[in-house]
Number of protein chains: 2
Amino acid sequence: MGASIRRLLVGSPLETSQAVHERLTKVKALAVFSSDALSSVAYATEEILLVLMLAGSSALSLSWPIAVAIAILLAIVATSYYQGIHAYPSGGGAYIISRENLGTLAGLVAGAALLIDYVLTVAVSVSAGVAAITSAAPALYAHRVGLGVLFILLVTWGNLRGVRESGTIFAIPTYLFIISFLTMIGTGLFKYVAGQATPLPSTEAIQPVQPLTLFLLLRAFSSGCTALTGIEAISNGVMAFKPPEARNASRTLAAMAVLLVTMFLGITWLARAYGIIPKESETVVSQLARTIFGYESSLYYLIQATTAFILILAANTSFNGFPRLASLMAQDRFLPRQLANLGDRLVFSNGIVILGAIAAALLALFGGSTHALIPLYAVGVFLSFTLAQAGLVRHSLRERQSGWRHTAIINGIGAIATGVVLTIITATKFMHGAWIVVLLIPSMVCTFLTIHDHYEMVRRQLSIHTPDPLPRPVRRHRAIMPISGVHRGTLKALYYAQSVTDDVTAVVVDVDPEQTRRIREQWEEIGTKVPLVVLPSPYRSVQEPLMEYIDQVSASLDKGDVLTIILPEFVPRKAWHHLLHNQTALLLKAALIYRRTKHNEVVVDVPYYLHE
Amino acid sequence: MGASIRRLLVGSPLETSQAVHERLTKVKALAVFSSDALSSVAYATEEILLVLMLAGSSALSLSWPIAVAIAILLAIVATSYYQGIHAYPSGGGAYIISRENLGTLAGLVAGAALLIDYVLTVAVSVSAGVAAITSAAPALYAHRVGLGVLFILLVTWGNLRGVRESGTIFAIPTYLFIISFLTMIGTGLFKYVAGQATPLPSTEAIQPVQPLTLFLLLRAFSSGCTALTGIEAISNGVMAFKPPEARNASRTLAAMAVLLVTMFLGITWLARAYGIIPKESETVVSQLARTIFGYESSLYYLIQATTAFILILAANTSFNGFPRLASLMAQDRFLPRQLANLGDRLVFSNGIVILGAIAAALLALFGGSTHALIPLYAVGVFLSFTLAQAGLVRHSLRERQSGWRHTAIINGIGAIATGVVLTIITATKFMHGAWIVVLLIPSMVCTFLTIHDHYEMVRRQLSIHTPDPLPRPVRRHRAIMPISGVHRGTLKALYYAQSVTDDVTAVVVDVDPEQTRRIREQWEEIGTKVPLVVLPSPYRSVQEPLMEYIDQVSASLDKGDVLTIILPEFVPRKAWHHLLHNQTALLLKAALIYRRTKHNEVVVDVPYYLHE
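The rules we used
Residues numbered from 1 in each chain as written. Chains lettered and ligands numbered in written order. Predicted model: local features only at pLDDT ≥ 70, side-chain atom pairs only at ≥ 80, totals over all residues. Helix = DSSP H or I, 4+ residues; strand = E, 2+ residues; numbered from the N terminus. Rg over C-alpha atoms; globule rule 2.2 N^0.38 Å. Buried ≥ 20, exposed ≤ 12 C-beta atoms within 10 Å, placed from the backbone. Contact = placed C-beta atoms within 7 Å. Least-squares fit on C-alpha atoms with pLDDT ≥ 70 in both. Axes fitted to C-alpha atoms, helices over the stretch in contact; angles between N-to-C directions. Parallel < 35°, antiparallel > 145°, perpendicular 65-115°, else oblique. Left-handed = near helix turned anticlockwise from the far one by under 90°. Nonpolar A, V, L, I, M, F, W, Y, C, P; charged D, E, K, R; others polar. Pairing = 2+ DSSP bridges. Domains from an automatic or database assignment. pLDDT = per-residue confidence, 0-100.

Observations regarding the overall build of chain A
The secondary structure content of chain A amounts to 21 helices and 5 strands. A globule of 612 residues ought to have a C-alpha radius of gyration of about 25 Å, yet chain A, at 33 Å, is considerably larger. Across its three principal axes, chain A shows a C-alpha extent of roughly 110 × 60 × 50 Å. Sorting the 612 residues of chain A into buried and exposed places 48% on the buried side. Of the contacts made within chain A by residues no fewer than 6 positions apart, 81% connect residues no fewer than 24 positions apart.

Here it is, written out as structure tokens:
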């Protein structure tokens, strides 16, 4: 029944040979991998404005040069990743590139940074998506945490069904989002140029609470850098493309970068042109769309709906990336091996479930606020960017394939640019939450190393190729069978024991002399040659005398002997019946296993199934 | 370690032969068994006054004739139980007497009524005890539920340590309570007669909200009948007395009845004489003690302290009675057999824990209010009184021992009196909560019968004396050993399997062709004659192909054959290590056991213990 519920929820299992057909076309891949990057235009401008506003309304116009700087950075990083795909057509992204070129430790740092960012992408995107909804429907504002968790559950479920269907589900809203945003930007530009722009009723000028320092400008720049998040998704998922993978992936990346720069600059320019001021209860994009299209217009609602949709689906980028990365790291023995395997829908089910759970918890912890989560966000992204690009530089210098100088220079510029930005982000955001990530990354790296050590240690101990003496064939097999009565279950266990070895001893603990006498009589009656030992129990405990007896027998074994403890057990038909029976066998078994001092003991339940 | 914590909490185990030394002297037994009955004087008068108050202050003086009627009833019931102890020196009370003389069903009804009342005694006594504390320290009123639960935990703990120590712990406060109450009554009477009584500042006369009907008088009488609760405790626990049990028990009962009547009539008379009116925030006894001794006097605090103490310890009566009754009923197979056994401190530990848990839940549910619990209370008490006394009449008529006419008449009067009171209580309290008990008793009786049927059914199925064919010795023993790699754990399991039978087959599921190839090679390398079967798995599931294979082998077995499924398992040293391994063996074992369709299969883990 469990299996059929599972089928209903996640679909029928897929054969391993179907894997290649699950690969994505460029059109679908753009939808699956770029929803994160593209959707960040919905909040990146707002994050810049929120910081500048601290220096008063007049500082808001500085958003344009900051956005241009970010666009340049974006172009550099995209170009660098474009090179990276060709250098590493197998995909794998920052973790693989760093590990192979900069050493294990750098790889683990990149891995930790990426894992953190996948989780944050889910939390940030979903909370921003909910903000788009509550901007248009303020009544839902009070339920934003519940809504966010619900959306995360939905995305998790969609991903458990497998990657091809994800492509289909997500292609339509992604393209709808791109078209509607480009339409808004076009309309906004046209109206502004044509002088038809009707700015929002002007509010009072905001007074500065801080001076306009370089630090503040850098903080605004850092906040806007969230526009770059997700740009690496394609290079981490090259293997999900249809062949030729590298070529398809790099073209998709280029298309994405162009779209991203256009939309980000467009929104930022219009926000300045239309004099938008960020508000707690309504997003900048919502204000802009309302101004351009009019409050009750259906185009306004289309913008809000597609924004919400793409943001919530942006979380999907992580649901592709996180389990793949976790699987790579698990195959390298840095994460539990349960994360390494494909599920029966050809997806990494465990990773998907873990990602959904952590992200939902994080979203709830931060009260569904995008602004509260943003400071944690960019550190990991830029750390992995820097490591990946430094790794690519090293790679070019070592391999010296054709055009290696060109590649090394591009990636070198990328590494330096992202390295500088990483420093800026860490410095300006440290007090606002980045410190959490700065502490988290080294602890995660330690955990990875501990896990790796454990697996190595187990492998060494279990290997048959180490010089320690191997287990030997059994010389003599003894069996002890504790009984609490003579019934059909006892008989079945007795015959089982006799088929295992000739050396069987039954034991009974004398808790009640009357009962013990009856058991002795019945033992005579069944006419077995197996001896019955009666153990005294002055304290009415069954377990203690039995354990002592087993210890004695166990101590008397020679090397190469084995002792089987056979527990007759009757299994009632219905679950509630278990409540009505002393779980002596169960407790005894737990005690025997917990003891685990004796390496030559095996415990066996022989079940007798009741039919009524 | 679990064992040593247990020792610390409940003391060292006691030998069975020590049981007779755990018996109680009359002085200790009075403390242990009568704290419930005696302590009810702390609230019985108040319950009468609370009902009469509905008809206005002027009706309060009717408390005296009502109390006299209750005292007469009490004398009748005590006399009847005095006879009962001699007719049934083995103790057992209403359950045994009803079952033996009126049939199983009557016995079960009495058993259900008694079990309910034991629970209610704990909840009512503890909440009344907390009321005595909060009368003297009003600041604690807000914490009454927490305090109540805490006290229940303490009493539970005391009882788990065993009955002799209970006697010692409870003797001092019980006697202190008796002495201080008798002192208060004496002082009160003297002051009143000497004209030194200084009544409380008179409050406004309370206006009637109901007319003074016969129904109201009967309701007041019903409420006062809680004074009789606990009077049966001694006759249910005769076996806890030192020999001669019956004689010691009946004398203790007589002493208790005299004390109870004196104190109950004394309090009621003084409450009327001093014009006490019941209040929400302060008990009647507290008001009385304050009037007689003065507000800040140490004697006032002594009364409150001993009242609280005896009420909380009164719960102890139930902690003696409930587990004993549950044990008797469990021995008769009407309750789960886990309740039948003495714990290692010679107490019925399971019953004690269950009673504590239910009573604490009930107290919390009713918000720690004595008045809310009282209506549920008396129905069960008087039901068991009536059944017990009717049973004793039947007993006398059947046995016709010397003086049987005398005994039959006394018990007959008792049965009729309590039967009439039962009808009155049920009628007047039905809407206030008695309906819960009226519904609960039949459902409990049904449960008892269902449990009994189950045990009979199991006994019949397991018995070796029924005509069905018995299990036969094993003819042929096959073994299947699923493996996922070739390591030391596999070797150990392989040699174990070969010591069990010559017919061993190893199987591996082909999830990853590369890994399967390696396993095949290593299998060759260890040079065993045991064949290795490779099962295909197009969907990467380990479990399904394996289960199918086992099903096939199982289906091919002849009658008398047995199949052992041997699971090699390595056991990590630390608990957290388990998180890092696929729990394949565990899941497989669960699936095999859950399947339970095959009666000739046994599943064995062969553990290989890692030493690091």
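Okay, back to it.
Considering unusual backbone geometry
Residues and elements named next belong to chain A. In the segment running from Pro 243 into Pro 244, the intervening peptide bond is cis, with an omega of -5 degrees. Relative to the elements of secondary structure, Pro 244 occurs in the loop between helix H10 (233-236) and helix H11 (245-273). For Arg 333, which is not glycine, the phi dihedral falls at a positive 70 degrees. Counting through the fold element by element, Arg 333 comes out in the loop between helix H13 (298-331) and helix H14 (349-365).

Re the relation of the copies chain A and chain B
Overlaying chain A on chain B yields an RMSD of 0.1 Å, the required transformation being a rotation through 180 degrees with an accompanying axial translation of 0.0 Å. Look at the turn and shift together and you get a two-fold axis relating the two. Within chain A, the C-alpha atom positioned nearest to the axis of rotation is that of Val500(A), 2.4 Å from it.

So, the packing of helix H5 (residues 93-102) of chain B against helix H15 (residues 370-399) of chain B
All names here are of chain B. Between H5 and H15, the least distance of the axes is 8 Å, while the angle of their chain directions is 45 degrees. In this view, H5 runs oblique relative to H15, as classed from their interaxial angle. Here the hand of the crossing between H5 and H15 comes out left-handed. Of the residues in H15, those touching H5 at Gly 93, Ala 94, Ile 97, Ser 98, Asn 101 and Leu 102 are Ser 384, Leu 387, Ala 388, Ala 390, Gly 391, Leu 392, Arg 394 and His 395. Tallied by class, the residues present in the contact of H5 with H15 amount to 7 nonpolar, 6 polar and 1 charged.

Quick notes on the interface of chain A and chain B
Contacts between the two partners involve 55 residues from chain A, matched on the other side by 54 residues from chain B. Where the side of chain A that touches chain B is concerned, the elements lending two or more residues are helix H17 (434-462), helix H18 (488-500), strand E4 (561-571) and strand E5 (601-609) of chain A. A total of 9 residues in the side of chain A that touches chain B trace back to one element, the largest contributor, which is H18(A).

Observations regarding the environment of Pro208(A)
Residue and element names in this part refer to chain A. Topologically, Pro 208 is positioned in the loop between helix H8 (163-193) and helix H9 (214-224). Linking Pro 208 and Ala 59, residues 149 residues apart in sequence, is a C-alpha distance of 8.8 Å. If near-sequence neighbours (up to four positions away) are discounted, Pro 208 is found in contact with Ala 55 and Gly 56.

Considering the pairing of strand E3 (residues 532-536) of chain B
As judged from the 5 bridges shared by strand E2 (residues 503-510) of chain B and E3(B), these two strands associate in the parallel manner. Opposite Val508(B), over in E3(B), you have Val534(B) as the bridge partner.

Details of the pairing of strand E4 (residues 561-571) of chain B
Residue and element names in this part refer to chain B. Most of E4 sits out of view: 9 of its 11 residues are buried. Sheet topology note: the strand E1 (residues 476-482)/E4 ladder contains 5 bridges and is parallel. Bridge assignment links His 477 to a residue of E4, and that residue is Val 562. Inspection of the sheet shows E4 paired to strand E5 (residues 601-609) by 9 bridges, in the parallel sense.

Thoughts on the environment of Glu296(B)
Among the secondary structure elements, Glu296(B) is positioned in the loop between helix H12 (284-293) and helix H13 (298-331). Distance in space between the C-alpha atoms of Glu296(B) and Ala590(B) is 68 Å, their sequence separation being 294 residues.

Some remarks on the domain arrangement of chain A
Structurally, chain A comprises domain 1 (19-455) and domain 2 (476-609). The straight-line distance from the C-alpha centre of domain 1 of chain A to that of domain 2 of chain A is 62 Å.

Observations concerning helix H3 (residues 44-52) of chain A
Residues separated by three or four positions in an α-helix point in the same direction, a consequence of the helix having 3.6 residues per turn. All names here are of chain A. Among the 9 residues in H3, 8 count as buried, and that is most of the element. Buried residues of H3: Ala 44, Thr 45, Glu 46, Glu 47, Ile 48, Leu 49, Val 51 and Leu 52, and no others. On its buried face, H3 is in contact with helix H4 (63-87), H9, H11, helix H12 (284-293) and helix H15 (370-399).

Examining the environment of Ala415(A)
Residues and elements named next belong to chain A. Structurally, Ala 415 is set in helix H16 (residues 404-429). The sequence separation of Ala 415 and Ala 388 amounts to 27 residues, and the corresponding C-alpha distance is 7.9 Å. With sequence-adjacent residues up to four places away left out, Ala 415 is seen in contact with Thr 386, Gln 389, Ala 390 and Val 393.

Let's talk about H5(B)
Residues and elements named next belong to chain B. Within H5, 8 of the 10 residues are buried, which leaves the element mostly enclosed by the surrounding structure. Looking only at H5, the buried set comprises Gly 93, Ala 94, Tyr 95, Ile 96, Ile 97, Ser 98, Arg 99 and Asn 101. On the buried face of H5, the contacting elements are helix H4 (63-87), helix H6 (104-136), helix H10 (233-236), H13 and H15. Gly 103 sits one or two residues past H5 and shows a positive phi near 105 degrees.

Considering the confidence of the model for chain A
Per-residue pLDDT for chain A has a mean of 86; in total, 91% of the residues score no lower than 70. Predicted as a complex, the structure gets a pTM of 0.71 and an ipTM equal to 0.73.

Focus on the packing of H11(A) against H12(A)
All names here are of chain A. Closest axis-to-axis distance for the H11/H12 pair is 10 Å, and the angle between their directions is 70 degrees. One finds that H11 runs roughly perpendicular with respect to H12. In this structure, H11 crosses over H12, and the sense of that crossing is left-handed. Two secondary-structure elements touch here, H11 through Ile 267, Leu 270 and Ala 271 and H12 through Val 284, Val 285 and Leu 288. Here the residues of the contact of H11 with H12 sort into 6 nonpolar, no polar and no charged.

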